[in-house]
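Summary of the model geometry
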Amino acid sequence: MTLQEKLIVVLENLPYTQAQIAQILGINESNISQWKNRGVLKRYHYLALEAAFGVPREVFEDSTIDTPSKIIEYLKERAVNLTSLKIEPQVESKILALLEGSWYFYGYSSVSDKVYENKIMVEKGNIIFKDLKGNIEYRGEILESNSFYTTFILRKKGGVVYMVLNNALLYKNLFYGVFFTKSSFFHQDFFQFVLLSREKVPLEIAKRILGDREKIQLHIPTEFLEKIAKFNSQELEVKKYSDEDFLNYLSLKKRLYIYVNLNSPHSYSLEVENINRVKLYSNNKLYLVGKMRFYRDEILIDFESESGEKIYFLIEKIYKSLMPFSFKAPLFSTDEQVIGVGLISDKELEEDAIEYILGKKEENILNISEVWRKINEVEGFLN
């Protein structure tokens, strides 16, 4: 077994969540995730586990401890507590008093309109979640409590559930909570609003209060996960996906406003019809029509007039209503060429907002023609 594989077994068998382990060690939870990566776990990492939790360093250094069962047995032999260690959350006494006792729990199935009734018992911060036959489905504790919310963590073999309660409602006999877990059927993340009641509520009444399942229950859509996967996978897949998507994104904007912060009487805007027809407007009149070309992280739009005049826009593929872009174009009053940075917005911007982002007039502009003049002036001295 690798050190990382051993670490995963140890962490899974300690009676802590990853967040709690990080809290005890005084580090960010992301550090624990990094330890699990190949080549990252160092000796001082597992020495910290030994100091904080009593996990013997031999688990990591002894090559004969090479299976999960051997690791667990070794931990038990060395009297490492795998069952009862836990962090006592700081819970205000008045909140704890409101939580104490028994609650009826009502929520929909993850795959049907059936409403389930369960029972939650809270005693000194410890939580037992039972079905009405008395079978224990989850055990847990208060994970965290602050001025606004209290979070329960409920565990069973192969599953963890989180429930968030609004502290302002705890004094009521009937209130709502947010239940976050995985669907028992699809094994997808989902959350839903549920009811907690001090008194038993008929199921048909509970269902009427909960309302339509689709409105209080959200499954993480598969297509959402697929989009994330595509953006995180190979470059070819990212390009194949994002080009079409970004084109649609711009097309749906209808009118895009262009700001370059020049002393110009002209206002500019864009309309993206398709990849071969991008309209540039000046003072709401069609000025030029351009074409769009896609690259890995950017798109290039080039406009050409009948006289051969060219304007170029370079835009990053950023999904925002306000985006920066770079440009190369002639000044409106002369034929001098300038390059600079501007803004594309789907809403009209106030002058002070433009100045705040781009600076004062022409601070975001470089006059190429002026640079050429200066080059020509000093060329004789350079030769």
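Keep in mind that this is a model prediction, so the values were computed, not measured.

Now for the overall build of the protein chain. Scanning the protein chain for helices and strands turns up 13 helices and 18 strands. Across the protein chain, every contact between residues at least 6 apart in sequence was considered, and the portion connecting residues at least 24 apart equals 43%. Per element, the accessible surface of the protein chain, about 23000 Å² overall, is 53% carbon and sulfur.

Scanning the model with the defined rule gives 16 salt bridges in all. Note that Arg255 and Glu271 form a salt bridge whose closest N and O atoms lie 3.1 Å from each other. Note that Arg255 is positioned in the loop between helix H11 (235-251) and strand S10 (256-259) and Glu271 in strand S11 (residues 268-274), a separation of 16 residues in sequence. Here Lys360 and Glu355 are joined by a salt bridge, their closest N and O atoms 3.2 Å apart. Under the relative-accessibility criterion, Glu355 is labelled partly exposed at 34%.

Applying the stated criterion across every chain yields a total of 12 aromatic pairs. On the basis of an interplanar angle of 55° and a centroid distance of 4.8 Å, the ring pair of Phe313 and Phe325 is categorised as tilted. Of the two residues, Phe313 sits in strand S15 (residues 310-316) while Phe325 sits in strand S16 (residues 322-330), which places them 12 residues apart along the sequence. The class for Phe313 is buried, based on a relative accessible area of 6%. By relative accessible area, which is 3% here, Phe325 ends up buried. Grouped by ring-pair contacts, the aromatic residues Phe105, Phe129, Tyr138 and Phe179 constitute a single cluster. For the cation-ring pair, Arg198 lies above Trp103, with the distance from its terminal atom to the ring centre recorded as 3.6 Å. Above the plane of the ring of Tyr281 lies Arg255, whose end atom (NZ or CZ) is 4.4 Å from the centre.

As a further point, take the packing of helix H1 (residues 3-13) against helix H6 (residues 68-77). Running from N to C, H1 and H6 point in directions that differ by 50°, and their axes come no closer than 10 Å. On the basis of the axis angle, H1 is oblique to H6. Both H1 and H6 take part in a crossing whose hand is right-handed. Here Lys6, Val9, Val10 and Asn13 of H1 come into contact with H6, specifically with Pro68, Ile71 and Ile72. Its residues assigned to classes, the contact of H1 with H6 comprises five nonpolar, one polar and one charged.

Tracing the backbone shows His45 in helix H4 (residues 43-53). A relative accessible area of 7% places His45 in the buried class.

Before going further, it helps to examine unusual backbone geometry. Residue Asn283 is not a glycine yet carries a positive backbone phi of 50°. On the secondary structure map, Asn283 appears in the loop between strand S12 (277-282) and strand S13 (285-294).

A few words on the environment of Gln34. Along the chain, the position of Gln34 falls in helix H3 (residues 29-35). Note on Gln34: relative accessible area 40%, which makes it partly exposed. In sequence terms Gln34 and Gln4 are 30 residues apart; their C-alpha atoms lie 9.9 Å from each other.

By secondary structure assignment, the location of Gln217 is in strand S9 (residues 217-219). Since its relative accessible area comes to 8%, Gln217 is described here as buried. Among the polar contacts listed, one links the side chain of Gln217 to the backbone oxygen of Ser109, at a separation of 3.2 Å. Here Arg213 takes part through its side chain, which lies 2.9 Å from a polar atom of the side chain of Gln217. Setting aside chain neighbours within four positions, we find Gln217 in contact with Tyr108, Ser109, Ser110, Phe190, Phe191 and Gln192.

Listed in full, the buried residues belonging to H1 are Gln4, Lys6, Leu7, Val9, Val10 and Leu11. Elements that come into contact with the buried residues of H1 comprise helix H2 (18-25), H3, H4, helix H5 (58-61) and H6.

Taken over all residues, the pLDDT of the protein chain has a mean of 81, while the share at 70 or more is 86%. Predicted confidence in the protein chain is weakest over helix H10 (residues 222-232), with a mean pLDDT of 63, and strongest over helix H8 (residues 203-210), with 94. Overall, residues 83-87 carries pLDDT values under 50, and its contacts beyond four positions in sequence, including any with other chains, amount to 11 contacts.

In this section: the environment of Gln337. Along the chain, Gln337 turns up in strand S17 (residues 337-345). The sequence separation of Gln337 and Glu370 amounts to 33 residues, and the corresponding C-alpha distance is 8.6 Å. Polar contacts involving the side chain of Gln337 include one to the side chain of Lys328, which spans 3.2 Å.

Let us look at the pairing of strand S14 (residues 298-304). With respect to burial, S14 is a largely interior element, five of its seven residues being buried. Where S13 lies against S14, five bridges are found, and the strand directions are antiparallel. Its bridge partner being in S14, Arg293 is matched across the sheet by Leu300. As judged from the seven bridges shared by S14 and S15, these two strands associate in the antiparallel manner. By the bridge assignment, Asp302 is partnered in S15 with Tyr312. With antiparallel pairing between neighbouring strands as the criterion, S14 and S15 make up a hairpin whose turn holds five residues, including Gly308 at a positive phi of roughly 95°.

The rules behind these values
Residues numbered from 1 in each chain as written. Predicted model: local features only at pLDDT ≥ 70, side-chain atom pairs only at ≥ 80, totals over all residues. Heavy atoms only, no water. Helix = DSSP H or I, 4+ residues; strand = E, 2+ residues; numbered from the N terminus. Contact = heavy atoms within 4.5 Å. Areas by Shrake-Rupley, 256 points an atom, 1.4 Å probe, with all protein chains shown as cover. Salt bridge = Lys/Arg side-chain N within 4 Å of Asp/Glu carboxyl O. Buried < 20%, exposed > 50% of the residue type's maximum accessible area, 1.4 Å probe, protein only. Phe/Tyr/Trp six-rings, centres within 6.5 Å; stacked < 30°, edge-to-face > 60°. Lys NZ or Arg CZ within 6 Å of the ring centre and 35° of its normal. Axes fitted to C-alpha atoms, helices over the stretch in contact; angles between N-to-C directions. Parallel < 35°, antiparallel > 145°, perpendicular 65-115°, else oblique. Left-handed = near helix turned anticlockwise from the far one by under 90°. Nonpolar A, V, L, I, M, F, W, Y, C, P; charged D, E, K, R; others polar. Polar contact = N/O pair within 3.5 Å; in protein donor to acceptor, adjacent residues only side chain to side chain. pLDDT = per-residue confidence, 0-100. Pairing = 2+ DSSP bridges.

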